[in-house]
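# Results of the structural survey
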Amino acid sequence: MPKSDTNNPSWLQKVLSLPNDSIQKTLIVAVGICLVCSVVVAGTTVVLKPIQSANKALDFKRNVVEVAGLLPEGGNVDEAFKQVEIRVVDLDTGEYTDAVDPATFSQTEAAKNPATSEVVPADEDIAKIKRRSKYALVYLVKEDGKLKTLILPVHGYGLW
């Protein structure tokens, strides 16, 4: 003969049978809601991360082409950005360098790595960044082979 559910109730049936004003039921419901919400938030973060990264890159490109005056009304940001030449400058010498790839270089990440950065002396560190990268990206817009616009990005605390 199969066992009856009334003789051996499941944990859910036990929780549901508790009075609504009991501390145990209140805590179980609160913890359950927290778990469900945290899974939804974590899942949303993971799913949206690539979209956020793409939007961050597009926003940066848009800022560069707007500063350079290359973006016509309703124009394509990616097409306008193709007119911009990206170079890496060695901040110690002021010369262009091929030591790092401009397509993959991150000045912020390089500043965190002791091998690719140096300490900014406290008396010169007005922005309190503590370390600066040895290299920096610059964006050049040329017209007829001559430099028309030079864009020097800055970084600090803010949205991106």
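Okay, so let's go over this structure. This one's a predicted model, so the numbers in the text were calculated from it and none came from an experiment.

This next bit is on the overall build of the protein chain. Counting secondary structure elements, the protein chain contains four helices and five strands. Listing every helix and strand of the protein chain by position from the N terminus yields α-α-α-β-α-β-β-β-β. A globule of 160 residues ought to have a C-alpha radius of gyration of about 15 Å, yet the protein chain, at 28 Å, is considerably larger. Judged by the C-alpha coordinates and their principal axes, the protein chain covers about 90 × 45 × 30 Å. Considering the protein chain as a whole, with its 160 residues, one finds that 19% of them fall into the buried category.

A word on the environment of Glu79. Mapping Glu79 onto the fold places it in helix α3 (residues 77–81). Separated by 66 residues in the primary sequence, Glu79 and Gly145 have C-alpha atoms spaced 19 Å apart.

Looking now at unusual backbone geometry. Backbone geometry at Lys130 places phi at a positive 70°, although glycine is not the residue there. If you trace the backbone, Lys130 turns up in the loop between β2 (117–119) and β3 (131–133). Residue classification places Lys130 among the exposed positions, given a relative accessible area of 59%. Backbone geometry at Asp144 places phi at a positive 55°, although glycine is not the residue there. Its place among the elements puts Asp144 in the loop between β4 (135–143) and β5 (146–151).

A sheet is described by the order of its strands in space; here three strands give the open sequence β1-β4-β5, paired in antiparallel fashion. The sheet is open, and its two borders are formed by β1 (84–90) and β5, each paired with just one other strand. The mean inter-strand angle of the sheet, taken between neighbouring strand axes irrespective of direction, is 40°. The pairing of β1 with β4 spans seven bridges and is antiparallel. Within β4, the residue paired with Val88 across the bridge is Leu137.

In this section: the environment of Gln83. Topologically, Gln83 is positioned in the loop between α3 and β1. You can call Gln83 partly exposed: its relative accessible area is 48%. When the C-alpha positions of Gln83 and Val65 are compared, they lie 8.8 Å apart, and in sequence the two are 18 residues distant. Sequence-distant contacts of Gln83, that is, excluding residues within four places in its chain, are made with Leu70, Leu140 and Val141.

Take the packing of aromatic side chains next. What the rule picks out here adds up to three aromatic pairs. Aromatic pair Phe81 and Tyr139: ring centres 6.4 Å apart, planes at 55°, arrangement tilted. Of the two residues, Phe81 is situated in helix α3 and Tyr139 in strand β4; the sequence distance between them amounts to 58 residues. The buried category is assigned to Tyr139, whose relative accessible area is 5%. Here the aromatic rings of Phe105 and Tyr135 are separated by 6.5 Å at their centres, their planes lie at 85°, and the arrangement is edge-to-face. Of this pair, Phe105 sits in the loop between β1 and α4 (107–112) while Tyr135 sits in strand β4, placing them 30 residues apart in sequence. Here Phe105 matches Tyr135 in class, with each residue buried. Each residue in the set Phe60, Phe81 and Tyr139 is aromatic and connected to the rest through ring pairs, giving one cluster.

Analysis parameters
- Along each chain, residues carry numbers from 1 onward, in the same order as the chain's sequence is written.
- Residue-level local features of this predicted model are given only where pLDDT is at least 70; pairs of side-chain atoms are given and counted only at 80 or more, and the full residue set underlies all totals for whole chains, interfaces and linings.
- Calculated side-chain values reflect all of the structure's heavy atoms, with hydrogen atoms and water omitted.
- Secondary structure counts use DSSP, requiring at least four H or I residues in a row for a helix and at least two E residues in a row for a strand, with both numbered from the N terminus.
- In this description the radius of gyration comes from C-alpha coordinates, and the expected globular size is given by 2.2 Å times residues to the power 0.38.
- Whether a residue is buried, partly exposed or exposed follows from its accessible area with a 1.4 Å probe, protein chains only, as a fraction of its type maximum: under 20%, in between, or over 50%, in that order.
- Any two strands with at least two DSSP-identified bridges between them are counted as paired.
- Whenever a helix is involved, its axis is fitted only over the stretch in contact; in every case the axis is a line through C-alpha atoms, and angles between N-to-C directions fall within 0 to 180 degrees.
- Any two residues having at least one pair of non-hydrogen atoms within 4.5 Å are treated as being in contact.
- Two rings from Phe, Tyr or Trp (for Trp, the six-membered ring) form a pair when their centres are within 6.5 Å of each other. A pair whose planes differ by under 30 degrees is stacked, one over 60 is edge-to-face, and the rest are tilted.

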